[in-house]
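# Structure at a glance
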Amino acid sequence: MNMANYTIGVDYGTQSGRAVLVDVATGREVATAVKPYTHGVMDEYLPDGVTRLEHDWALQHPQDYLEVLELTIPAVVKEAGITADQVVGLGIDFTACTILPIDEHLNPLCFREEHQQNPHSYVKLWKHHAAQDEADELNRIAAERGEAFLKRYGGKISSEWMIPKVWQILNEAPAIYEAADQILEATDWVVSQMTGHVVRNSCTAGYKAIWHKQDRYPSNEFFKALDPRLENVVEEKLTRDIAPIGSKAGELTEAFAARIGLLPGTAVAVANVDAHVAVPAVGIAEPGKMLMVMGTSTCHILLGEDEQVVPGMCGVVEDGVIPGLMGYEAGQSCVGDHFEWFTETCVPGHYVEEAALKGIGIHQLLTEKAARQRVGESGLVALDWWNGNRSTLVDTNLTGVLLGATLLTKPEDIYRALIEATAYGTRTIVEAFRNSGVPVHEVYAAGGIAEKNALMMQIYADVLNMEIKISASSQTPALGSAMFGAVAAGTERGGYATITEAAAKMGRVKEETYKPIPENVATYDALFAEYTKLYDYFGRGENDVMKRLKKIKAEASRVKEEPVW
Ligand SMILES: Nc1ncnc2c1ncn2[C@@H]1O[C@H](COP(=O)(O)OP(=O)(O)O)[C@@H](O)[C@H]1O
Ligand SMILES: O=C(CO)[C@H](O)[C@H](O)COP(=O)(O)O
């Protein structure tokens, strides 16, 4: 009889949640299940189909997160043919900063009828960018006051993060702010549903909510300077009680265990973030190795020995990824999303027909056509800012650029130019780390794109002039979460004492790697120099044409009447 121990990890992505059931001893993935979110990403309407959302909004429905657990966990246990008592631990990770207001019974405000028409009662997804005004104001005030925390976040706090989003709720929906007993990360809320109490994790607190292991939160005077109503925001809506990742949040309650077919008392790990949790899953537990988690967006996670100031990075958090080390994060807020936009908006019908005839997807068709080109052949260079720039400019007002198009430009040329633009964006990030004294010796990739698009990975190897190792798992963050589940279970239940031990036993990469091709490297060096000129021209200094266009767009879309011709 199979009496091995198993652990389950659940990764909450932008469009779906995925569970993986893993053998604790070997890291072997035994079963996986995926559940796309019923409500998807709400960026135009609330679930009533009538209440319109403004530009730059991106919401989710928390009910979808519970459905993920209810459907995927029984599915993986069934597929694996094991019994519930063999599951010793459970861990989850989430896109972040993805936040929601809840009441004193841990119920999201959007579950309550009186708040259902109010967009601020729902989950604000990481890519909700409508708190940019609050972020700009926060950055201005913090710089004026010489707040020390700014340098740990590359000089700017992003509109994607906790405090700008909380402030937006207060500004636009004071009644929701008032009604909220807590405003917390979705990753912590889901754990609270499983264990019956809220435990806030140090990863989202550190990277997204301006919390620091030594300095803690910024002072109440700082929050008061933002807005007198925010003076006690930490005590009133957040908490000073932060639990380190790698520890146990609690155990499955009887009621929740029954909902997902596991046993009450199963260990639940302190929640984590999708990119950070993936690091031990590829076996990284030491400095100098950068992991790119490539999906809708890309997150770059790098371990370092000391705290350095890196302009435009997302953050550096002690113990933020692996206890005992500094975890650096940088990111690109639009990677797969560029390609999705392109395939849905710009690809002619005959390409779609060709893909259908060949029995392949549109991404694959475009990739095959783009792979036939020599480097530089299209004459195109793009700026990868279709969803703003996270690193190194930290500005969601920046927008995309495609330069060099002619009447002969083909869809695959643009598709390839967008891939290359994201690779240049990553090189800009790697150079920012190196120039700031944080070494990058090795590059690893995980996530949907690392798995699906070989051309893209080769382009990255050529642009970076570095070998790229690929995660052996197709569900790397979920595997990482499962590993944290095994650590929460502890050695007495057949798990591990530390995440470093779990990484050594359970994490791995594929044997095959992507190596740079010297002639491509040389041409890409020249193209990267052009990209950098455009990057600086549109992204730094006095040129704010993109911001002006966005303002004109926002004003035009506020007018309700039909256009007059
Ligand atoms: N073959 C492909 N090449 C490049 N991008 C792809 C390909 N297939 C899907 N994508 C993009 O990858 C993204 C989904 O990535 P994935 O890692 O699966 O999900 P998530 O970001 O939710 O974690 C989508 O934006 C999609 O457009
Ligand atoms: O900022 C993040 C992590 O710090 C987000 O979780 C991430 O950018 C969204 O992830 P994905 O592209 O996989 O949906």
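Residues numbered from 1 in each chain as written. Chains lettered and ligands numbered in written order. Predicted model: local features only at pLDDT ≥ 70, side-chain atom pairs only at ≥ 80, totals over all residues. Heavy atoms only, no water.

This paragraph deals with the overall build of the protein chain. Looking only at helices and strands, the protein chain has 20 helices and 22 strands in total. Computed over its C-alpha atoms, the radius of gyration of the protein chain comes to 23 Å, within 12% of the 24 Å expected for a compact globule of 565 residues. Taken along its principal axes, the extent of the C-alpha atoms in the protein chain is 65 × 60 × 50 Å. In the protein chain, which comprises 565 residues, the proportion classed as buried is 60%. Within the protein chain, contacts between residues at least 6 apart in sequence are counted, and of these 73% link residues at least 24 apart. (Helix = DSSP H or I, 4+ residues; strand = E, 2+ residues; numbered from the N terminus. Rg over C-alpha atoms; globule rule 2.2 N^0.38 Å. Buried < 20%, exposed > 50% of the residue type's maximum accessible area, 1.4 Å probe, protein only. Contact = heavy atoms within 4.5 Å.)

Another point: the site of ligand 1. Neighbouring ligand 1 are 17 residues; Arg18, Thr296, Gly336, Gly448 and Asn453 lie closest to it. Side-chain polar atom of Arg18 to an oxygen atom of ligand 1: 3.1 Å apart, as the coordinates give it. Relative to its free-state accessible area of 580 Å², ligand 1 is covered by the protein chains to the extent of 85%. Those elements giving two or more residues to the shell around ligand 1 turn out to be helix H11 (336-345) and helix H15 (448-452). Considering each element in turn, the shell around ligand 1 owes the most residues, four residues, to H11. Broken down by class, the residue content of the shell around ligand 1 amounts to four nonpolar, nine polar and four charged. Mapping the shell around ligand 1 onto the domain boundaries places at least three of its residues in each of domain 1 (6-275 + 476-509) and domain 2 (283-471 + 517-565). (Near = heavy atom within 4 Å. Polar contact = N/O pair within 3.5 Å; in protein donor to acceptor, adjacent residues only side chain to side chain. Areas by Shrake-Rupley, 256 points an atom, 1.4 Å probe, with all protein chains shown as cover. Nonpolar A, V, L, I, M, F, W, Y, C, P; charged D, E, K, R; others polar. Domains from an automatic or database assignment.)

Here we take up the UniProt feature "domain: Carbohydrate kinase FGGY C-terminal" (unreviewed entry) in the protein chain. Under the feature "domain: Carbohydrate kinase FGGY C-terminal" (unreviewed entry), the UniProt entry names residues 291-489. Helix makes up 43% of residues 291-489 and strand 19%, with an end-to-end C-alpha separation of 26 Å. (UniProt positions renumbered as here; feature names shortened; annotations may be inferred.)

Once that is clear, we can look at the site of ligand 2. The local shell around ligand 2 holds 13 residues, among which Thr14, Lys208, Asp274, Ser297 and Glu329 are the closest. Ala96 places a polar main-chain atom, nitrogen or oxygen, 2.9 Å from an oxygen atom of ligand 2. Between Lys208 and ligand 2, the recorded distance is 2.7 Å, taken from a side-chain N or O atom to an oxygen atom. Residue composition of the shell around ligand 2, grouped by class: four nonpolar, five polar and four charged. There are two domains that each give the shell around ligand 2 at least three residues, and those are domain 1 (6-275 + 476-509) and domain 2 (283-471 + 517-565).

Below, the discussion takes up the pattern of salt bridges. It is possible for side chains of opposite charge to pair when their charged atoms get near one another. One pass over the full model with this rule turns up 31 salt bridges. Between Lys127 and Asp337 there is a salt bridge whose closest N-O contact spans 3.0 Å. Taken together, the residues span a long stretch of sequence, with Lys127 in the loop between strand E7 (123-124) and helix H2 (132-145) and Asp337 in helix H11 at a distance of 210 residues. Comparing Lys127 with Asp337 shows no difference in burial state: the two are buried. (Salt bridge = Lys/Arg side-chain N within 4 Å of Asp/Glu carboxyl O.)

Our focus in this paragraph is the packing of aromatic side chains. According to the stated counting rule, one finds 20 aromatic pairs in the structure shown. A network of ring pairs unites the aromatic residues Trp385, Tyr424, Tyr524, Phe528, Tyr531 and Tyr535 as a single cluster. The ring of Tyr177 has Lys237 lying over it, and the distance from NZ or CZ to the ring centre is 4.9 Å. Residue placement shows Lys369 over the ring face of Tyr351; its charged tip is 5.1 Å from the ring centre. (Phe/Tyr/Trp six-rings, centres within 6.5 Å; stacked < 30°, edge-to-face > 60°. Lys NZ or Arg CZ within 6 Å of the ring centre and 35° of its normal.)

Right, let's talk about the sheet that holds strand E22 (residues 509-514) for a bit. Read from one edge of the open sheet, seven strands run E16-E17-E15-E14-E20-E21-E22, paired in mixed fashion. If you trace the sheet from one side to the other, it starts and ends with strand E16 (315-318) and E22, each paired once. In this sheet, neighbouring strand axes are inclined to one another by 25 degrees on average, regardless of whether the strands run parallel or antiparallel. Where E16 lies against strand E17 (residues 326-332), four bridges are found, and the strand directions are antiparallel. Bridge pairing links Val317 to Gly327 in E17. Contacts from helix H14 (residues 411-435) reach strand E14 (289-294), strand E15 (298-304) and E17, with the element oriented near 150 degrees to E17. (Pairing = 2+ DSSP bridges. Axes fitted to C-alpha atoms, helices over the stretch in contact; angles between N-to-C directions.)

Here the focus is the side chain of Thr343. Among the structural elements, Thr343 can be located in helix H11. A residue is classified by how much of its surface remains accessible, and Thr343, at 14% relative accessible area, is buried. Of the polar contacts made by the side chain of Thr343, one reaches the backbone oxygen of Glu340; its length is 3.0 Å. Not counting chain neighbours up to four residues away, the residues in contact with Thr343 comprise Ile362, His363, Leu366 and Tyr415.

This next bit is on the domain arrangement of the protein chain. Per the domain assignment, the segments of the protein chain are domain 1 (6-275 + 476-509) and domain 2 (283-471 + 517-565). Taken together, the contact between domain 1 and domain 2 spans 37 residues of the former and 45 residues of the latter. Between domain 1 and domain 2, roughly 3,300 Å² of surface is buried when both sides are summed, and carbon and sulfur atoms account for 54% of that area. It is Tyr207, Ala275 and Val509 that lose the most area in domain 1 upon contact with domain 2, and together they represent 19% of the buried surface on that side. Inspection of the domain 1/domain 2 interface yields six salt bridges. Here Lys208 ties to Glu329 by a salt bridge, and the two come within 3.5 Å at their closest N and O atoms. Our count for the contact surface shared by domain 1 and domain 2 stands at twelve residue pairs in polar contact (both at pLDDT 80 or more). Where the side of domain 1 that touches domain 2 is concerned, the elements lending two or more residues are H2, helix H6 (202-208), helix H17 (476-489) and helix H18 (499-506). If one sorts the elements of the side of domain 1 that touches domain 2 by residue count, H6 sits on top with five residues. In the side of domain 1 that touches domain 2, the residues fall into twelve nonpolar, 15 polar and ten charged. (Buried area = accessible area lost by both parts, 1.4 Å probe.)

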